[in-house]
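Structural overview
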Amino acid sequence: MMLVPLFHSKKVLSSSTIWAEPFCVSFGFLPESKDMCFNVKHESDTNLHSVTYWPLSLSSHLGVMRAPLRWVLWDVKDTLLKVRSSVGEQYCKEAERMGLSLSPVEVDAAFRQVYRQYSSRYPNYGISQGLNGQSWWRGVVRDTLSQCGAQEPELLNTVANNLYHNFCSADNWEVFPDSKKALESCSSLGLKLGVVSNFDNRLEAILHVCGLLSYFSFLITSEEAGVAKPSPAIFSQALQKCGVPADRVAHIGDHYVNDYLTSRSMGIHGFLLDRHKDGQLDVPQEHRLSSLDELPSRLQQHMN
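This report concerns the structure included in the present document. Every chain is numbered on its own, with residues counted from 1 as its sequence reads. Residue-level local features of this predicted model are given only where pLDDT is at least 70; pairs of side-chain atoms are given and counted only at 80 or more, and the full residue set underlies all totals for whole chains, interfaces and linings. For side-chain calculations, the full set of non-hydrogen atoms in the structure is used, while hydrogens and water are omitted.

1. Comments concerning the packing of aromatic side chains
Worth spelling out the cut-off: Here a pair means two rings of Phe, Tyr or Trp (six-membered ring of Trp) with centres within 6.5 Å. Their orientation is stacked below 30 degrees between planes, edge-to-face above 60, and tilted elsewhere. Each helix corresponds to a stretch of at least 4 residues labelled H or I by DSSP, and each strand to a stretch of at least 2 residues labelled E; elements are numbered beginning at the N terminus. Two conditions define a charge sitting above a ring: the NZ of Lys or the CZ of Arg must be within 6 Å of the ring centre, and it must be within 35 degrees of the ring normal.
Enumeration according to the criterion identifies twelve aromatic pairs in this entry. Geometrically, the ring pair formed by Y118 and W136 is edge-to-face, given 5.8 Å between the ring centres and 90 degrees between the ring planes. Placement of the pair is Y118 in helix α3 (residues 104-121) and W136 in helix α4 (residues 133-147), with a sequence separation of 18 residues. Judged by centre distance (5.3 Å) and plane angle (85 degrees), the rings of Y125 and W136 are edge-to-face. One end of the pair, Y125, is in the loop between α3 and α4; the other, W136, is in helix α4, and eleven residues separate them in sequence. One aromatic cluster is present, formed by Y91, F111, Y115, Y118, Y122, Y125, W136 and W137 through successive ring pairs. The aromatic ring of Y164 is capped on one face by R202, whose charged end is 4.1 Å from the ring centroid. For R275, the ring lying beneath its charged end belongs to F176, and the centroid distance is 3.8 Å.

Right, here's the structure in full:
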């Protein structure tokens, strides 16, 4: 089912609403129709963005024409590549070089707690609060190791600084086996590629050492953009770079709200990559990918 935006209200007879901060997503059915629609609202400090999407079956009656696809936007982490080993293992390895002996399991647990705290207190690397990606991550590392018994400030700063730079190395990342083939297939179809990722400014260096950078015409990180998914604003920046309407753009990502719902709310052809085949979310089969090997044939359906 292809969804097309309409910026005026319609009566909905039955509906339900779910919240996924900072989004409110409302699902409903058109009167005298079995077609499902949904409304996505994003509330920022000063604005409330709202748009309702109706299926192509309805849009065809309204004179909306389907445009051929020209761009594919990509999420990166857990879509094209993943961290090679656990955070606990990587933090402990660096700490051991400095004479500290810590438990990877304990460090993993501490990291998850500290990461949640920092993400809540200083969202998007604390950009709006005067931080940046490097200072944010160094704080996460220091507080994580401190919870595990390491207290020497100079040592904590050294480990935190080393780890920040270590994660620019290809040794710490694993590219999924289907990633390069999918990127090459998209390029061979004549599609241009860009990145929209909740990531810090190390992303360009990471993609370079992993052999993926050359596939992309542009990168947008949330640190650079000053805004993170699921805000529609980061996709608006990407659409400006693409220079084409949203219905000529696709987006691929592994997160239901950040990637799938948000891109769809902008009128972009969003696809949810479900590598683990959870199948728990209510996503139409034609919008779900269990592997990037399935992507080229899906995209070709929107190019004719």
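2. Looking at the pattern of salt bridges
The following threshold applies: The working definition used for a salt bridge is a side-chain nitrogen of Lys or Arg within 4 Å of a carboxyl oxygen of Asp or Glu. Throughout this description, buried means an accessible area under 20% of the type-specific maximum (1.4 Å probe, protein chains only), exposed means over 50%, and partly exposed covers the range between.
A full pass over the atoms with the stated rule returns eight salt bridges. Here R288 makes a salt bridge to D274, at a shortest N to O gap of 3.0 Å. A residue pair is termed long-range when its members are at least 10 positions apart, and R288 in strand β13 (residues 288-289) and D274 in the loop between β12 (269-273) and β13 qualify at 14 residues. D274 shares its class with R288; the two are buried. One network of salt bridges, with partners in common, ties together D75, K229 and D259.

3. A closer look at the sheet that holds strand β6 (residues 71-74)
Put simply, the test is: At least two DSSP bridges between two strands are required for those strands to pair. When checking whether two residues touch, look at their non-hydrogen atoms; a contact exists if any pair is within 4.5 Å. Angles here are taken between N-to-C directions and fall from 0 to 180 degrees, while the axes themselves are lines fitted to C-alpha atoms, restricted in helices to the stretch in contact.
The strand order β10-β9-β6-β11-β12-β13 describes an open sheet built from six strands, whose pairing is parallel. Where the open sheet ends on each side, the last strands, each with one partner, are β10 (218-221) and β13. Contacts from helix α6 (residues 179-188) reach β6 and β9 (192-197) within the one sheet, and its direction differs from that of β6 by about 160 degrees. Those strands touched by helix α9 (residues 232-242) are β6, β9, β10 and β11 (249-253), and its axis lies near 165 degrees from that of β10.

4. A closer look at α9
For clarity, the cut-off: Here the arc refers to the directions that run from the helix axis out to each C-beta atom.
When we look at burial in α9, the residues that qualify are P232, I234, F235, A238, L239 and C242. In a view along the axis of α9, the buried residues occupy a sector of 155 degrees, so they form one face of it. G243, located one to two residues past α9, shows a positive phi value of around 75 degrees.

5. Some remarks on the packing of α4 against helix α5 (residues 153-166)
Our working rule: Relative orientations are named as follows: roughly parallel for angles under 35 degrees, roughly antiparallel for angles over 145 degrees, roughly perpendicular for angles from 65 to 115 degrees, and oblique for any other angle. Take the far helix as the reference: if the near one is turned anticlockwise from it by less than a right angle, the crossing is left-handed, and if turned clockwise, right-handed. Each residue gets one label: Ala, Val, Leu, Ile, Met, Phe, Trp, Tyr, Cys and Pro are nonpolar, Asp, Glu, Lys and Arg are charged, and the others, such as Gly, are polar.
Contact geometry of α4 with α5 gives a least axis separation of 9 Å together with a crossing angle of 130 degrees. Viewed along their axes, α4 and α5 adopt a mutual orientation that is oblique. Here the hand of the crossing between α4 and α5 comes out right-handed. Packed against α4, whose contacting residues are G133, Q134, W137, R138, V141, R142, L145 and S146, the element α5 presents L156, N157, V159, A160, N161, L163, Y164 and H165 at the interface. For the contact of α4 with α5, a count of residues per class yields eight nonpolar, six polar and two charged.

6. Examining the side chain of S263
In this structure, S263 sits in helix α10 (residues 256-265). Classification of S263 by relative accessible area gives buried; the value is 0%. Beyond its immediate sequence surroundings of up to four residues, S263 is in contact with F235, H251, I268 and G270.

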